[in-house]
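Read off the chains here:
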Amino acid sequence: QDLRVQGIYSHFTIEVRESMALSALRARTYAENGKEKFDVQTFSDCLLHLSDLYAKYPKEPRAMEFSVYKFIFWDAVARERPDDTSHSIAAAESLMAWKDTPAVRHAIRIQAAASIGDYYSYFRELSSIPEETSAQVHLHRTMVAPAVR
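Summary of the structure given here. Sequence positions are assigned chain by chain, starting from 1 and proceeding in written order. With pLDDT at 70 or above as the cut-off, local features in this predicted model cover only qualifying residues; side-chain atom pairs require 80 or more to be listed or tallied, and sums for whole chains, interfaces and linings still use all residues. Excluding hydrogens and water, the side-chain values take into account all heavy atoms of the structure.

### Considering helix 2 (residues 11-26)
A turn of α-helix holds 3.6 residues, and therefore any two residues three or four places apart point the same way. The end-to-end C-alpha distance of helix 2 is 23 Å, a good match for the 22 Å that 16 residues give at a rise of 1.5 Å each. Buried within helix 2 are the following residues: T13, I14, R17, E18, A21, L22, A24 and L25. Buried positions in helix 2, seen along its axis, are confined to an arc of 165° and lie on one side of it. The helix and strand labels rest on DSSP assignments: H or I over at least four residues marks a helix, E over at least two residues marks a strand, and numbering proceeds from the N terminus. Given a helix with a known number of residues, its expected span is that number minus one, times 1.5 Å. Partly exposed residues are those whose accessible area sits between 20% and 50% of the maximum for their type, while under 20% is buried and over 50% is exposed, using a 1.4 Å probe and protein chains only. Arc, as used here, means the arc of the directions from the helix axis to the C-beta atoms.

### Describing the packing of helix 3 (residues 40-56) against helix 4 (residues 63-80)
Across the interface, helix 3 lies against helix 4 with an axial gap of 10 Å and an inter-helix angle of 135°. When the axes of helix 3 and helix 4 are compared, the pair comes out oblique. By crossing handedness, the relation of helix 3 to helix 4 is classed as left-handed. Along the contact surface, helix 3 presents V40, F43, S44, L47, L50, S51 and Y54, while helix 4 presents A63, F66, Y69, K70, F73 and W74. Gly is placed with the polar residues, together with every amino acid not listed as nonpolar (Ala, Val, Leu, Ile, Met, Phe, Trp, Tyr, Cys and Pro) or charged (Asp, Glu, Lys and Arg). Of the residues contributing to the contact of helix 3 with helix 4, the split by class is ten nonpolar, two polar and one charged. Each axis is a line fitted through C-alpha atoms, and for a helix only the stretch in contact is used; angles between axes span 0 to 180 degrees, taken between their N-to-C directions. Roughly parallel refers to an angle under 35 degrees, roughly antiparallel to one over 145, roughly perpendicular to one between 65 and 115, and oblique to any angle outside these ranges. It is the rotation of the near helix from the far one that decides the hand of a crossing: anticlockwise by less than a right angle makes it left-handed, clockwise makes it right-handed. Contact definition: two residues touch when any of their heavy atoms are within 4.5 Å.

### What about the pattern of salt bridges?
Only one rule defines a salt bridge in this text: a Lys or Arg side-chain nitrogen within 4 Å of an Asp or Glu carboxyl oxygen. For the structure on display, the rule yields five salt bridges. The shortest N-O distance in the salt bridge between E65 and R62 comes to 2.7 Å. Here E65 falls in the buried class, since its relative accessible area comes to 10%.

### Thoughts on the packing of aromatic side chains
Two aromatic rings from Phe, Tyr or Trp, using only the six-membered ring of Trp, form a pair when their centres are within 6.5 Å; if the ring planes differ by under 30 degrees the pair is stacked, by over 60 it is edge-to-face, and anything between is tilted. On inspection of all chains with the given rule, the structure shows six aromatic pairs. Relative to F73, the ring of F43 lies with its centre 5.4 Å away and its plane at 75°, an arrangement referred to as edge-to-face. Here F43 is found in helix 3, whereas its partner F73 is found in helix 4, with 30 residues between them in sequence. Taken individually, F43 and F73 each receive the classification buried, so the pair is uniform in this respect. Seen from their ring centres, F73 and W74 are 4.8 Å apart, and the 75° between their planes marks the pair as edge-to-face. When sorted by exposure, F73 lands in the same class as W74, which is buried. Connected via pairs of aromatic rings, a cluster forms that spans F38, F43, F73 and W74. A positively charged side chain is recorded as over a ring if its NZ (Lys) or CZ (Arg) lies within 6 Å of the ring centre. The angle to the ring normal must also be within 35 degrees. The ring of Y9 carries K56 above its face, with NZ or CZ at 4.2 Å from the centroid.

### Examining the environment of R28
Mapped onto the fold, R28 is located in the loop between helix 2 and strand 1 (29-30). Relative accessible area serves as the criterion here: at 24%, R28 is assigned to the partly exposed category. When the C-alpha atoms of R28 and W74 are compared, they prove to be 19 Å apart, with 46 residues separating the residues in sequence. If near-sequence neighbours (up to four positions away) are discounted, R28 is found in contact with E36, K37, F38, H138, R141 and T142.

Here it is, written out as structure tokens:
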């Protein structure tokens, strides 16, 4: 936030936002109902700012990775709120630049399996997450898998 207030937009800002997003994703808290969750607000905020930053700096090395996380996150949110799919559609569109990469193809397969309730395929794909997008396991554990179960 401090970097944004000061108007600092650079590769360093991207690294800070990526670190914040991963920290928020890995943070474990529990809702009143006892369900495990992560810092959704911070993660969402970081994804939104990263989208703007990646538009300014399209050659960032982790842009594809965070586009995958964004896709999974907003797809899971859209499942909870079917009346609001705008973010999910935008996240899917952001993957198009990397549609031929194994990590993106994997993310699309795993989300498709979750969407149609194909538990076998979902959990098979979950066990073979590509290394470059390995943090997505946290999204699946807290947002996607509970809905699939």
